[in-house]
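Listed below are the residues making up each chain.
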Amino acid sequence: MSDTVSVIIPAYNAATTIDRTLDSVRAQTWRDLEIIVVDDGSSDDTAARVLRHVAEDDRIRLSVQPNGGVARARNSGIDQARGALVAPVDADDLWHPRKIELQVAALRAGGDNVGLVYCWFAVIDDDDRIIHWGSHPRDEGDVLERMCLGNLIGNGSAPLMRRADVLACGGYDPMLRDNDAQGCEDLKLYFALAERSRFALVPQTLLGYRWSPANMSSDGRRMLRSYDLVMEPNALRHPQHRRTFARGRIYLLDWLLERALRYGKAAEAGAMYDELYRQDRLAALRTAVRVPKIVARRLLSRGERRPQTRFEDIEVGDALEV
């Protein structure tokens, strides 16, 4: 296996964050990297900022294309990649310095049947401070049934994957964006990889995943549309897991509803509840009981002290709670 890892960074109007993302990639203890930034038609100075890094680090290349969405940008970078392994990272996320080193070790330990290695993540704010820790799944090996519940990996900046497997699965699907249903491009690829390979896990927080209301995934109704377009064909191919697929959609609706309530999106919350009620009345009633607590937590959180722990300060092996 080639030692080179191709890092793929799709960037669209990322001038406020691209420097920090590139700094975290350049600081990897795994030095054998090629770093491909795909400027997806930015109108700000993203490209100029990347070129300053290019002048300092000959591992970095900049590719510029008309705006076509994150899937096309990632696919373009993968097509250009020379490494046998690819690791995408969004242009506003951060990596722990040992992320790639530990993932390569896990891939090698797992053998040729492992096609993807993921890690845990912390959600960070605009100042790189940890808002909360993400989920901590332990699923490894054959994860196909677990993927029927939804996106085990969690986001687009976590995995290390074999380039040949990604290409065999067709890469990321740009047609979701073309149908105004972007959001689950990652899920679609990960599910296809789970159908053909095993997954491995580095059980450490190695990724700072930046979330803001402006994120693509913040549009709950579009996210649900994207999810259905991706998962309905999967359910048809795997009818033995139909109950698991149904449970996964309930989990997503419940999560989208809670998130809408937390951020004061009453209309979106109502739409998610109506959809949940249509699918499973009992699940909807259980969620309705929790709504007052969710709203109360939102109101109380307005006066909370902002988080102080910065992602760059965490160490591998740190406690999982701040």
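Parameters at a glance
- Residues numbered from 1 in each chain as written.
- Predicted model: local features only at pLDDT ≥ 70, side-chain atom pairs only at ≥ 80, totals over all residues.
- Heavy atoms only, no water.
- Helix = DSSP H or I, 4+ residues; strand = E, 2+ residues; numbered from the N terminus.
- Contact = heavy atoms within 4.5 Å.
- Phe/Tyr/Trp six-rings, centres within 6.5 Å; stacked < 30°, edge-to-face > 60°.
- Buried < 20%, exposed > 50% of the residue type's maximum accessible area, 1.4 Å probe, protein only.
- Lys NZ or Arg CZ within 6 Å of the ring centre and 35° of its normal.
- Pairing = 2+ DSSP bridges.
- Salt bridge = Lys/Arg side-chain N within 4 Å of Asp/Glu carboxyl O.
- 1 Å grid on protein atoms, 1.4 Å probe; cavity = no way out; pocket = protein on both sides within 12 Å on 5 of 7 lines; lining within 4 Å.
- Points joined across faces, edges and corners; volume = space filled by probe spheres on them.
- Nonpolar A, V, L, I, M, F, W, Y, C, P; charged D, E, K, R; others polar.

**Student:** Break down the environment of Gly141 for me, with residues and values.
**Tutor:** The residue Gly141 is located in the loop between strand S7 (130-133) and helix H5 (144-147) in this model. Put simply, Gly141 and Ala194 are 53 residues apart on the chain and 9.1 Å apart in space, counted from C-alpha to C-alpha. In contact with Gly141, other than residues within four places in its own chain, are Arg198 and Phe199.

**Student:** I'd like a description of the packing of aromatic side chains, backed by residues and values.
**Tutor:** According to the stated counting rule, one finds four aromatic pairs in the structure shown. Measuring from centroid to centroid gives 5.7 Å for Phe121 and Tyr209, while their planes differ by 75°, and the two rings are edge-to-face. Of this pair, Phe121 sits in strand S6 (residues 114-124) while Tyr209 sits in strand S9 (residues 198-210), and the two are 88 residues apart along the sequence. In this structure, Phe121 and Tyr209 share a single accessibility class: buried. Aromatic side chains Phe191 and Phe245 sit 6.0 Å apart centroid to centroid with 35° between the ring planes, which places their arrangement in the tilted category. With Phe191 in helix H8 (residues 185-196) and Phe245 in helix H10 (residues 242-262), this residue pair connects regions lying 54 residues apart in the sequence. Comparing Phe191 with Phe245, the two get one shared label, buried. Note that Arg74 overlies the ring of Tyr172, its terminal NZ or CZ placed 4.8 Å from the centroid.

**Student:** Would you mind going over the pairing of strand S4 (residues 85-88) in detail, with residue names and values included?
**Tutor:** Here S4 shows no split at all, with Leu85 and Ala87 on one side and Val86 and Pro88 on the other all buried. Pairing analysis gives four bridges linking strand S1 (residues 5-11) to S4, with the strands arranged parallel. Its bridge partner being in S4, Val7 is matched across the sheet by Ala87.

**Student:** Pulling in residues and values, what's your account of the pattern of salt bridges?
**Tutor:** Applying the stated criterion across every chain, the model contains 30 salt bridges. Across the pair Arg210 and Asp128 runs a salt bridge, and its minimum N-O distance is 2.9 Å. In this pair, Arg210 sits in strand S9 while Asp128 sits in the loop between S6 and S7, placing the two residues 82 residues apart along the sequence. A single burial state applies to Arg210 and to Asp128, both of which are buried. Between Arg278 and Glu275 there is a salt bridge, with the nearest N and O atoms lying 2.6 Å from each other. Pair noted here: Arg278 and Glu275 are both in helix H11 (residues 266-279), with a separation of three residues, about one helical turn.

**Student:** Give me the lowdown on the layout of surface pockets, citing residues and values where you can.
**Tutor:** Quantified by volume, the second largest pocket comes out at close to 210 Å³. The wall of the second largest pocket is formed by Arg20, Asp23, Ser24, Ala27, Leu94, Trp95, His96, Pro97, Asp128, Phe311, Glu312 and Ile314. Those elements giving two or more residues to the lining of the second largest pocket turn out to be helix H1 (18-26) and strand S5 (94-95). Residue contributions to the lining of the second largest pocket peak at three residues, all from H1. A class-by-class count of the residues in the lining of the second largest pocket yields six nonpolar, two polar and four charged.

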